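Chain by chain, the residues run as shown.
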Amino acid sequence: MSGFTFHNSERSTAGCEQRWYLKYGLGVTPEVTGKALHVGTVWHKAMEFYWFSMKDNPEKALTVALEELELLRLEELKEHKSSSPDGFNCITNYGGPSLEEINNRYVLIVDMLKGYHEKWSNSSESLNLLVLLNEETLQTHIPNKKGRASHTRFGGTLDKLVQDKHGQIWVVDHKTTSISLDVWRRNNQYKPQAVSYVWLARQVTKYKPVGIVYDLAIKKIPAQWQDFPVINGNRLSKKLPKNATSESFLRALKENEFSIDDKPWYRVAYDNLKKSGEQFFRREYIRISDEEIHRTEQELYAVANKLRGMKNRIGLDARDCLDKIYDNTNKETWNRQVLEHVFSNAHKFPRNGSLCREYFKPCEFMDLCQSQSKESMRTLVPWTFNMGGYKTADTEK
């Protein structure tokens, strides 16, 4: 087999050959809601607008980013109306939201961006932008055991490279989550993706980052300084707004020309908000050692060999299987052929039971994987495809 390129998603999937076979061999994709993906994508665009503006004009960074977001929202609504006269829009591969839902998501992103600016614009934890990659896909050849470039390439999409106040360079990866940031940290203290991104940045740029910064944002709306009630024009109300932060509390005092020492409870409230932790935004710094970099090179080479073996076993390159078994005239026949392919080749790709609940969540292919024990193919076809369980790429050919 000639050289190929793989990314972290395929690398992690290869831990269970059955999951890789379903996802990359057959191209079967779990049919899940696209909200998380859509919000994450728009948030990355918001970060692109904001960081680019911060480099050239920090005083107007928020204003410029909000204007760009509004243009993006209008463009998305226009695309929705032109492509979906019936009200349905495929913004993502999983299907799209209604006009109202699009607007609601942008309202969330706008409020998150305002909170992000409030948190970091005047923070001592300043980061200077070096390279804005805009999720550009970078690729490089993986070295073999002799240190020479192999035919296989590893690729990844990076957000940006920054420099901290100590002169050290970091890869930045923006993340949004709906769980608390403390829980996110516990679940993601170490992920191979972090090391591979640092290794990739060292290979393809002139910089040598020391690690990765996860720039975390929770998908909730933090209170703005305007949300703090003022009593009789001379003091803040003790009833703080929902989702108040220490930063927004200080800003409310400043904008209303109050001092934190005006009232004893101001200092107490500020300290309590501070103790509650970084509940909306946080930066997790993960320093990567040279030993970890070397170990990652070896692992990537081993994964490349494993993927090559699996691709040879299936006899087709990733996703080409769909073109081989697609039936233009009968979608149900096509679905049945996919399932028959699963049955006939499953023994070649054993399931790794230890990954059925990776990262505390059930594998997205668990039902289809377990469906091999079912007796009747007749019940499998509507169960796995026609009732919202799964769909396959290129269904709409």
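Not measured: the values here are computed from a predicted model.

**Details of empty space enclosed by the protein**
Thinking step 1. Applying the stated criterion across every chain, the model contains two cavities of 30 Å³ or more.
Thinking step 2. In this structure, the largest cavity encloses a volume near 90 Å³.
Thinking step 3. Taken together, Cys16, Gln18, Arg19, Leu22, Arg351, Asn352, Leu355, Cys356, Cys363, Phe365, Met366 and Cys369 make up the lining of the largest cavity.
Thinking step 4. Only α2 (17-25) and α13 (366-370) provide two or more residues apiece to the lining of the largest cavity.
Thinking step 5. Examining the composition of the lining of the largest cavity, we find that three residues originate from one element, α2, more than from any other.
Thinking step 6. Taken together, the residues of the lining of the largest cavity break down into eight nonpolar, two polar and two charged.

**Observations regarding the pattern of salt bridges**
When their charged atoms lie close together, side chains carrying opposite charge are able to pair.
Thinking step 1. Inspection of every chain in the model, using the stated rule, returns 15 salt bridges.
Thinking step 2. Glu10 is the salt-bridge partner of Lys311, the closest N and O atoms lying 3.7 Å from each other. On the criterion of sequence distance, the pair formed by Lys311 in helix α10 (residues 290-314) and Glu10 in helix α1 (residues 8-13) is long-range, its members being 301 residues apart.
Thinking step 3. A relative accessible area of 3% means that Lys311 is categorised as buried.
Thinking step 4. Taking the shortest distance from any N to any O, the salt bridge between Glu17 and Arg313 comes out at 2.7 Å. Note that Glu17 is positioned in helix α2 and Arg313 in helix α10, a separation of 296 residues in sequence.
Thinking step 5. Overall, Arg313 belongs to the partly exposed group, its relative accessible area being 31%.

**Regarding the confidence of the model for the protein chain**
Thinking step 1. Mean pLDDT for the protein chain: 77, with 75% of residues reaching 70 or above.
Thinking step 2. Scored below 50 in pLDDT, residues 324-329 shows twelve contacts in the model against residues more than four places distant or in partner chains.
Thinking step 3. Long-range and interchain partners of residues 374-397, a stretch whose pLDDT sits below 50, account for 64 contacts in this model, where long-range means more than four residues apart.

**Regarding unusual backbone geometry**
Thinking step 1. You will see that Asn243, though not glycine, has its phi angle at about 65°, which is positive.
Thinking step 2. By the secondary structure assignment, Asn243 is in the loop between β8 (235-236) and α8 (246-255).
Thinking step 3. By relative accessible area, which is 24% here, Asn243 ends up partly exposed.
Thinking step 4. Of note, Glu257 is a non-glycine position whose phi angle comes to about 60°, a positive value.
Thinking step 5. Residue position: Glu257 is located in the loop between α8 and α9 (264-275).
Thinking step 6. Look at Glu257 and you get exposed, because its relative accessible area is 73%.

**Topic: the pairing of strand β6 (residues 211-218)**
Thinking step 1. The buried count for β6 comes to eight of eight residues, which makes it a mostly enclosed element.
Thinking step 2. Burial of the side chains of β6 extends over both faces: Gly211, Val213, Asp215 and Ala217 are buried on one face and Ile212, Tyr214, Leu216 and Ile218 on the other.
Thinking step 3. When strand β5 (residues 169-177) meets β6, the two strands line up parallel, connected through eight bridges. Across the sheet, residue His174 finds its bridge partner in β6, namely Asp215.
Thinking step 4. Pairing geometry for β6 and strand β9 (residues 281-287), over seven bridges, is antiparallel. Among the inter-strand pairings, Tyr214 is bridged to a residue of β9, identified as Glu284.

**A look at the packing of aromatic side chains**
Thinking step 1. According to the stated counting rule, one finds 13 aromatic pairs in the structure shown.
Thinking step 2. Between the aromatic rings of Tyr21 and Phe349, the centroid separation amounts to 4.5 Å while the plane-to-plane angle is 5°, which identifies the pairing as stacked. Of the two residues, Tyr21 is situated in helix α2 and Phe349 in the loop between α12 (331-345) and α13; the sequence distance between them amounts to 328 residues.
Thinking step 3. Taken together, a centroid distance of 4.8 Å and an interplanar angle of 70° make the contact between Trp265 and Tyr266 edge-to-face.
Thinking step 4. In textbook terms, an aromatic cluster arises when at least three aromatic residues are bridged by ring pairs, as seen for Phe4, Phe6, Phe154 and Trp199.
Thinking step 5. We note Lys119 situated over the ring of Trp120; from NZ or CZ to the ring centre the distance is 5.2 Å.
Thinking step 6. In this structure, Arg283 is placed above the aromatic ring of Trp120, and the distance from its NZ or CZ to the ring centre is 3.9 Å.

How each quantity is defined
Residues numbered from 1 in each chain as written. Predicted model: local features only at pLDDT ≥ 70, side-chain atom pairs only at ≥ 80, totals over all residues. Heavy atoms only, no water. 1 Å grid on protein atoms, 1.4 Å probe; cavity = no way out; pocket = protein on both sides within 12 Å on 5 of 7 lines; lining within 4 Å. Points joined across faces, edges and corners; volume = space filled by probe spheres on them. Helix = DSSP H or I, 4+ residues; strand = E, 2+ residues; numbered from the N terminus. Nonpolar A, V, L, I, M, F, W, Y, C, P; charged D, E, K, R; others polar. Salt bridge = Lys/Arg side-chain N within 4 Å of Asp/Glu carboxyl O. Buried < 20%, exposed > 50% of the residue type's maximum accessible area, 1.4 Å probe, protein only. pLDDT = per-residue confidence, 0-100. Contact = heavy atoms within 4.5 Å. Pairing = 2+ DSSP bridges. Phe/Tyr/Trp six-rings, centres within 6.5 Å; stacked < 30°, edge-to-face > 60°. Lys NZ or Arg CZ within 6 Å of the ring centre and 35° of its normal.

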